[in-house]
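# Fold and contact review
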Amino acid sequence: MSETVYTVLDLSGIVKNVNACTFHNMSDISATFNAELQGSKSSTNPPDLFVESRNLGNTYAVSATVHHDTPPNMVPTTARITKIEIQFQTDISIHGDTHIISASPPATANSSAIWQYLPYNSASLPAYRNWITTPSISGVSIFNNPISGDSTAQIVSNPVLLDVLDFTTNPNGDFPLRYMDYATFVANFSTLVYSINVEGQSTVAGGNANLSCSADFKLINFQMTVTWSNPSSWTISPTNLTLPNNIITITRPETDVPPGDDDDMLSAIYVNGHKIEPNDPWVIIWLRFIIRIHFPVFDDDQPPAVPIEGDPIGTTFTGTVLLGILTITYADLSGIYTFDINHHHDTLYNRTATPTTQDVLIPAPFFVTAFFDTPEGDIQHFTGTRAQVNGAGTLKQIAQSHDYINTLQMQDIALRTANNKNPFSLTSFVDQQTAVRVYMDTFDDFFSISKLIIFIKSLFTSHPQ
Amino acid sequence: MRDHKGQVVSSFNGLFDRGDPYNNPKDHFQGSNNLRHVDKAVRTRDGINISQDVNAVAPLTNIRRIYNYPMLTANTLLVLSYNPSTNTGTIYHVVNSTTQFGPILTKTGMTDFAFAPFGGRAYISPFSTFANGDDTVEKGLSGEFVYVYAGDGTTARKAAGAGIGAGMTVAVGAAGHTDAGLHIYGVVSETKSGYQSPPGSLTTFTNLSSNSVSFGAIPTSGDPNVVARHIVASKAIINYNGDTEGYDLFFIPNATINDNTTTFLNNISFFDQDLIEDASHLFDNYTEIPAVAVMTMFGGRMIFGSTFTDFNLVLVSADGEPEAINQITGLLANKPNGFPVSNAAEFRNVLYLFRPNSAISFADNGDDPSSWIPVEIDAALGARPHAISQFLNSATQNVDFLIIATYQGISLFTGGFQTPELSWKIENFWKSLDRTKFGTIQIVNNAVKKRVYVVLPDRYLLVGFYQNGLDTKNIQWEQWTFTQPINTIAVTNIDEDIIGCDIF
């Protein structure tokens, strides 16, 4: 048996996104029982068949108490539980005896025992039964062999019964946030009760026979593994979006962690399952501690609640983290439109009352230049840009390194429609590769750029070259 | 800034998404959005404005498809609005920002429609997308037909039509001249769109050489669109076998009734030598044309492809008669390959027929379409519906190319797919598109603005600026996003771009 334990949430601020804890060898378990089936039938007119089926006595109950708050098996109260795996290790022995009394013509007999593992208490059905996404095997006949004449057969098996509850799949629709909270976990998983049934069956054809079948069913181990993630430090704003206002801001508190060691940076986000990466057209800005996007138009239905998820770049964890849930109020912006060279914004139909119009900004106009570097990969100092540009509003720029690990907002440039100077935007950015993101994010702002000069100097180089 | 060298970018050439972004050329973007190019400079794109006056009409919603509809006096729009809650598509005729006709056609299940203009009329066919194993196919709607719209705001009617009923009588007329002997006479009705029905009301009469013939009890058509009836006749028959449809029939000169009410036509004189214009070919024409997903013009012929019951079927009309399709000689032979006929276009007097993964060509040999020989052009690349660039009312261009969106990329087609593709610079981007949604891609060329617009499966635009040259190196690609999803685009009035937006 293996045990997997991860460090729980470090409240000092270093967030681990995926955690798991295993509970095992609980002392409260007892589940060992025997059951027998015996019967005798005769048949003189082959190929008559008879079937003797009898529930082997009682339903045997197994109970286990889950100690979830005792070290080292702790689930933090802030945990977002994404998966629970409940596992029984079993030892099953099924024995069958057949004595053919007479055979004219020769008789054959089959014996089988079917055991059923039912994760419920016959008196009440716990809610978690509906959340099992991958059930363990049950109802399987593990002994079904033909026996001729006097014979004995036995099968021994040690199946592992594993029930998996994967809350990321929203089982039974009870987990729209795709995790189970701590309070629900404690309420449903403090004590687990299971029932074991074993059922036997024998048939004889063309003769008289005595048959017997017995089963030993033993639980030799119990293990429960809980996997959880901690609430992400990222937050969504607003949580209620009313279209056509469609800007979403995702932020987290700034830390002193250097860019190269910052495991909680996001390499991608997901809006209702649609992946968005930093250079995608929906992105306004993508910085270490703030991401701003326009709500994308992929879906052709209108989901009222949209999960926003993210991929942290750290190697400690894998998978996607839930950042928040957006509630969307949609608006009918459909219709026929035409391009207007005199417009620096978009004018849309407004059908809230009497049809009229509404003006919105053009979503995220931007470009990201190629990377500027040296063939040797020198560490460079990037000090700013000079642009041959005119327009209106504020031209914004971000210096960024490869994969957006290191980013720095640069000085804004106030634009004029007529201009005899090429404005300079100062910064101080050090990295091996530098690209510049140029963008605008205000209503009626526009730019026209015909030249961009990027000022770079090598600071450090490697040897030998 | 001492010792800091300036790296100059004086040329902005759009998006580059091919291979590792670390290796992008310095004059291209790793990412960009909502920009346009003027020569080598880059600007924010133009804003959009509403196209319909909210004070004059109720603006259309849930736009799925727009076509530029050239009428005799103006360029207008045909617009499909689809209501997903009722699964109903409705087509309107938008004349200008303040004038809108319709609905002109409403059909359950119509999520898209094919369109071809002819003589100021609009030929319309409802179609939709259907599952076909792991893929999807576009086919005409089941139990539906091709419709013709006159452009006057009246409801579109079924194209073609049935023959006229029986009952005409023929008698000796006043003194005149005919060729003596047994003749077969019949009536061909003509609709306002010029469609001529199969001959009906067939009857025999023995002419007297010194007399004309008079026709009575000429049946009228139950179709209110019939505007004329023509009397047709055979030449004199020596040994009549009793089959009124077994002889060539011809239009009698001056034997036309220019209405659908008059029931007699008296004293018509003619010689058999005067019978020149053949009417026999009308017998085998479709009286109703099944709905299709593909419609285009090839010379003066209308091409129809992909019906609901047979997505390999391609029909070709008679020259100059878009509704006259012979059920025997009007079928185009093309070898099935498991994929539907999905597009067709004329280019340099050759008809190109496309499936999603292949292209074949046909040349008009002057004989029946069923005798045209197919020539395989490409066995890997083809075109889905709307994936061939259109300029105003024609799929052929004012320069020598078509622009086609294929699974491989956006390619120039000059009788074969040119490589490298126009989309070579954004190959990663193009290959990342969901192939199961390629049926939604639409490509439109604005030759005046020198832009190619591509409506993407994710419902925003890819724009190719080719003012510096329509080739792989000089084309500048940009993405244009909007607050609302885009389903369709059209170019009207020479260079006006119209986009159709959907509700979420």
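Residues numbered from 1 in each chain as written. Chains lettered and ligands numbered in written order. Predicted model: local features only at pLDDT ≥ 70, side-chain atom pairs only at ≥ 80, totals over all residues. Heavy atoms only, no water.

### Details of the interface of chain B and chain A
To keep it simple, the criterion reads: A contact between two residues is defined here by any heavy atoms of the two lying within 4.5 Å. Values labelled buried area give the accessible surface lost by two parts on being combined, using a 1.4 Å probe and summing over both. The salt bridge definition used is simple: a Lys or Arg side-chain nitrogen within 4 Å of an Asp or Glu carboxyl oxygen.
If you look at the interface, chain B gives 67 residues, while chain A gives 68 residues. Three residues stand out in chain B for area buried against chain A, namely Gln30, Thr483 and Phe504 of chain B, and they jointly supply 14% of the buried area on that side. Counting across the interface, chain B meets chain A through 1 salt bridge. Residues arginine 45 of chain B and aspartate 346 of chain A are paired through a salt bridge, measuring 2.8 Å at the closest nitrogen-oxygen approach.

### Re the packing of aromatic side chains
Each aromatic ring pair is summarised here by two numbers: the centre-to-centre distance and the angle between the ring planes. Let me state the cut-off plainly: Stacked, tilted and edge-to-face are the three classes applied to pairs of Phe, Tyr and Trp rings, where Trp contributes its six-membered ring and a pair requires centres within 6.5 Å; stacked means planes under 30 degrees apart, edge-to-face means over 60, and tilted covers the rest. The helix count covers DSSP runs of H or I at least four residues long, the strand count covers runs of E at least two residues long, and both are numbered beginning at the N terminus. Only when the NZ atom of a Lys or the CZ atom of an Arg is both within 6 Å of the ring centre and within 35 degrees of the ring normal do we say a charge sits over the ring.
Considering all chains together, one arrives at 37 aromatic pairs over all chains under this definition. Pairing tyrosine 69 of chain B with phenylalanine 115 of chain B gives two aromatic rings, centres 5.9 Å apart and planes at 80 degrees, and the pair type is edge-to-face. Taken as a pair, tyrosine 69 of chain B in strand β6 (residues 63-70) and phenylalanine 115 of chain B in strand β10 (residues 112-118) lie far apart in primary sequence, 46 residues in all. An angle of 65 degrees between the planes, with centres 6.5 Å apart, marks the rings of phenylalanine 347 of chain B and phenylalanine 413 of chain B as edge-to-face. Remark: phenylalanine 413 of chain B occurs in strand β30 (residues 410-413) and phenylalanine 347 of chain B occurs in strand β25 (residues 343-347); sequence separation between them is 66 residues. Over the ring of phenylalanine 366 of chain A we find arginine 437 of chain A, and its NZ or CZ is 4.0 Å from the ring centre. One Lys or Arg, lysine 158 of chain B, reaches over the ring of phenylalanine 145 of chain B and ends 4.2 Å from the middle of that ring.

### Description of the pairing of strand β18 (residues 266-271) of chain A
All names here are of chain A. The condition that has to hold: When accessible area is computed with a 1.4 Å probe and restricted to protein chains, residues below 20% of their type maximum are described as buried, those above 50% as exposed, and intermediate ones as partly exposed. Strand pairing is defined by DSSP finding a minimum of two bridges between the two strands.
Among the 6 residues in β18, 5 count as buried, and that is most of the element. Inspection of the sheet shows β18 paired to strand β22 (residues 305-312) by 5 bridges, in the antiparallel sense. Among the inter-strand pairings, valine 271 is bridged to a residue of β22, identified as isoleucine 308. Sheet analysis places β18 next to strand β19 (residues 274-276), joined by 3 bridges and oriented antiparallel. Along β19, the bridge assignment pairs isoleucine 269 with isoleucine 276.

### Notes on the sheet that holds strand β34 (residues 476-480) of chain B
Hydrogen bonds between backbone atoms are what pair the strands of a sheet, whose relative direction is either parallel or antiparallel. Residues and elements named next belong to chain B. To be explicit about the condition: Fitting a line to C-alpha atoms yields each axis, with helices limited to the stretch in contact; the angle taken between N-to-C directions then spans 0 to 180 degrees.
Strand order across the open sheet formed by 4 strands is β31-β32-β33-β34, with antiparallel pairing between neighbours. Edge strands, defined here as strands with exactly one partner in the open sheet, are β31 (442-446) and β34. Going from strand to strand, the sheet's axes swing by 20 degrees on average, the running direction of each strand aside. In terms of strand pairing, strand β33 (residues 461-465) meets β34 through 5 bridges, oriented antiparallel. In the strand pairing of β34, glycine 464 is matched with tryptophan 477.

### So, the sheet that holds strand β15 (residues 235-237) of chain A
All names here are of chain A. Overall, antiparallel pairing links the 4 strands, which are arranged β15-β17-β21-β20 in an open sheet. Looking along the sheet, the strands with just one partner apiece sit at the ends: β15 and β20 (283-286). Each strand of the sheet is rotated relative to its neighbour by a mean of 15 degrees, with strand direction disregarded. Judged from the 3 bridges that link them, β15 and strand β17 (residues 247-251) form a sheet pairing that is antiparallel. Bridge pairing links isoleucine 236 to isoleucine 250 in β17.

### Observations concerning unusual backbone geometry
Across the junction of leucine 243 of chain A and proline 244 of chain A, the peptide omega takes the value 10 degrees, indicating a cis bond. Tracing the backbone shows proline 244 of chain A in the loop between β16 (240-242) and β17. The linkage connecting glycine 102 of chain B with the following residue, proline 103 of chain B, adopts the cis geometry, with an omega of 15 degrees. Following the sequence through the fold, proline 103 of chain B ends up in strand β9 (residues 99-108).

### Describing the nonpolar core
Soluble, globular proteins show a tendency: their nonpolar side chains are buried together. Formally: We define the nonpolar core as a collection of buried residues of types Ala, Val, Leu, Ile, Met, Phe, Trp, Tyr and Cys that are connected through side-chain atoms lying within 4.5 Å of one another.
Phe295 of chain A together with Trp430, Leu461 and Ile499 of chain B are the most contacted members of the largest nonpolar core, which totals 98 residues. Not counting the four nearest positions on each side in its chain, leucine 461 of chain B is found in contact with Phe339 of chain A together with Tyr453, Val454, Val455, Leu456, Glu478, Gln479, Trp480, Phe482, Ile486, Ile489 and Ile499 of chain B. Val294, Val316, Val341 and Trp372 of chain B belong to the second-largest nonpolar core, a separate cluster that totals 33 residues.

### Observations regarding the environment of aspartate 179 of chain B
All names here are of chain B. The line we're drawing: Throughout this description, a polar contact denotes any pair of N or O atoms lying within 3.5 Å of each other; where both atoms belong to protein, one of them has to be capable of donating a hydrogen while the other can accept it, and for residues adjacent in sequence the pair is counted only when both atoms sit in side chains.
Note on placement: aspartate 179 falls in the loop between β15 (169-175) and β16 (181-191). Taking the relative accessible area as the measure of exposure, aspartate 179 reaches 26% and is therefore partly exposed. In this structure, the C-alpha to C-alpha distance between aspartate 179 and serine 97, residues 82 residues apart in sequence, is 61 Å. Setting aside anything within four residues of it in sequence, one finds aspartate 179 in contact with Asn207, Phe270, Phe271, Asp272 and Gln273. Of the polar contacts made by the side chain of aspartate 179, one reaches the backbone nitrogen of aspartate 272; its length is 2.5 Å.

### Observations regarding the pattern of salt bridges
Considering all chains together, one arrives at 18 salt bridges over all chains under this definition. Linking aspartate 262 of chain A and arginine 288 of chain A is a salt bridge whose minimum nitrogen-to-oxygen distance equals 2.9 Å. Placement of the pair is aspartate 262 of chain A in the loop between β17 and β18 and arginine 288 of chain A in the loop between β20 and β21 (290-294), with a sequence separation of 26 residues. Assigned by exposure class, aspartate 262 of chain A and arginine 288 of chain A land together as buried. With a shortest N-O distance of 3.3 Å, glutamate 138 of chain B and arginine 384 of chain B are connected by a salt bridge. Here glutamate 138 of chain B, found in strand β12 (residues 135-140), pairs with arginine 384 of chain B, found in the loop between β28 (375-378) and β29 (402-405); they are 246 residues apart in sequence, far enough to count as distant.

### Things to note about the environment of glutamate 496 of chain B
Residue position: glutamate 496 of chain B is located in strand β36 (residues 496-501). Looking at glutamate 496 of chain B, the relative accessible area reads 26%, which means it is partly exposed. A sequence separation of 96 residues divides glutamate 496 of chain B from aspartate 400 of chain B, and the C-alpha atoms of the two residues are 22 Å apart. In this structure, glutamate 496 of chain B is in contact with Thr338 of chain A together with Ala490 and Val491 of chain B, ignoring residues within four places of it in sequence. Of note is the side chain of glutamate 496 of chain B, whose polar atom sits 3.4 Å from the side chain of threonine 338 of chain A.

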